[in-house]
Amino acid sequence: MMEQSQNRLSTFVANLLATGRVAFSSAEAQKELGLPRASLLKSARRLQKQSKLYSPRSSYYVIVPPQFLKWGAPPPSWFIDDLMRHEQRPYYVGLLKAAELHDASHQAVMEFQVVTSARLPKLQAGRSRIVFHYRRNLDELADAIEERKTDTGKMRLSSPELTALDLVRYPHAAVGFDNILTVITELGPKLDGGKLAILCPKFETSVRQRLGYLCARAGHSRAADVLQASLQNDRKFRWIEFDPSQAKGGPDLSPAPSKRDTRWRLVIRRAPEADEQ
């Protein structure tokens, strides 16, 4: 009986792959195969031991095609859209991964970064690490999220404008402001002023201040002007640290022209430097 269940699940998996699908839930397989839940889960565990299935979440499986057996899982882009539908969460691929997909990162991105409306634990998907970053009200960003085709369907991807703002909003995920400046230098020509203006009110004043400074430093004057315009009449536009991690006991507002940018009202303890291209 166990061998029969195993064969039926293996056939089900092969048929899904033949149609271009790489993920399924235990409920779907159970309904399709008519197997008791215990038998299905046991058969799935055997396929997992053979590295033919990867399970990122309980009762949810990703098929590992033969070419990825040594990896332990296919690339996250192959299944992220299906996984997030399973999680019933809005999402988009963002930050450094989005910058890479917009051809604005000259270094290999080590994490597959996803922004979603829940605080989800990171996943190790074979050789890939999927890291989730939390943001409320993703619905208000709908116009700044693009659909990108993948080898198995599609995934949601942040626009260049949303990517730039997010990099500053989540500096820890972007490996610091030197790296953010490097990415902004490459991403800047793709920033649409009109789209950026629409997005600005949906981000904190501090994010716009810091991104404006970075755009100006990278020579992207049009984007910098848009960000500056968004700060006019903003009651929260006040002096802040450019890099809070460098602050010692709060902003030092003592007179030091070389360390204070009056346009952006930023205390600059060390100006960021872009990597050489």
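The preceding data block contains the structure.
These remarks concern the structure in this document.

What counts, and at which threshold
Residues numbered from 1 in each chain as written. Predicted model: local features only at pLDDT ≥ 70, side-chain atom pairs only at ≥ 80, totals over all residues. Heavy atoms only, no water. Axes fitted to C-alpha atoms, helices over the stretch in contact; angles between N-to-C directions. Helix = DSSP H or I, 4+ residues; strand = E, 2+ residues; numbered from the N terminus. Left-handed = near helix turned anticlockwise from the far one by under 90°. Contact = heavy atoms within 4.5 Å. Nonpolar A, V, L, I, M, F, W, Y, C, P; charged D, E, K, R; others polar. Phe/Tyr/Trp six-rings, centres within 6.5 Å; stacked < 30°, edge-to-face > 60°. Lys NZ or Arg CZ within 6 Å of the ring centre and 35° of its normal. Pairing = 2+ DSSP bridges.

**Structural notes on the packing of helix α2 (residues 26-33) against helix α3 (residues 37-49)**
Line of reasoning, step 1. Packing of α2 against α3 brings their axes to within 10 Å, and their N-to-C directions diverge by 115°. Two packed elements cross with a definite hand, and for α2 against α3 that hand is right-handed. Residue-level contacts link Ser26, Ala29, Gln30 and Leu33 of α2 to Arg37, Leu40 and Leu41 of α3.
Line of reasoning, step 2. For the contact of α2 with α3, the class distribution of residues is four nonpolar, two polar and one charged.

**Observations concerning the packing of aromatic side chains**
Line of reasoning, step 1. By the definition in use, this model includes seven aromatic pairs.
Line of reasoning, step 2. The structure contains a cluster of three or more aromatic residues connected by ring pairs, namely Phe12, Phe24 and Tyr61.
Line of reasoning, step 3. Positioned above the aromatic ring of Trp239, the side-chain terminus of Arg260 is 4.0 Å from the ring centre.
Line of reasoning, step 4. The ring of Phe237 is capped by Arg265, whose NZ or CZ atom sits 4.2 Å from the centre of that ring.

**Quick notes on the pairing of strand β8 (residues 145-150)**
Line of reasoning, step 1. Bridging between β8 and strand β9 (residues 153-158) involves six bridges; their strand directions are antiparallel. Pairing of Lys149 across the sheet is with Lys154, part of β9.
Line of reasoning, step 2. Following β8, the chain reverses through two residues before pairing antiparallel with β9.

These values are about where atoms sit, not about what they do.
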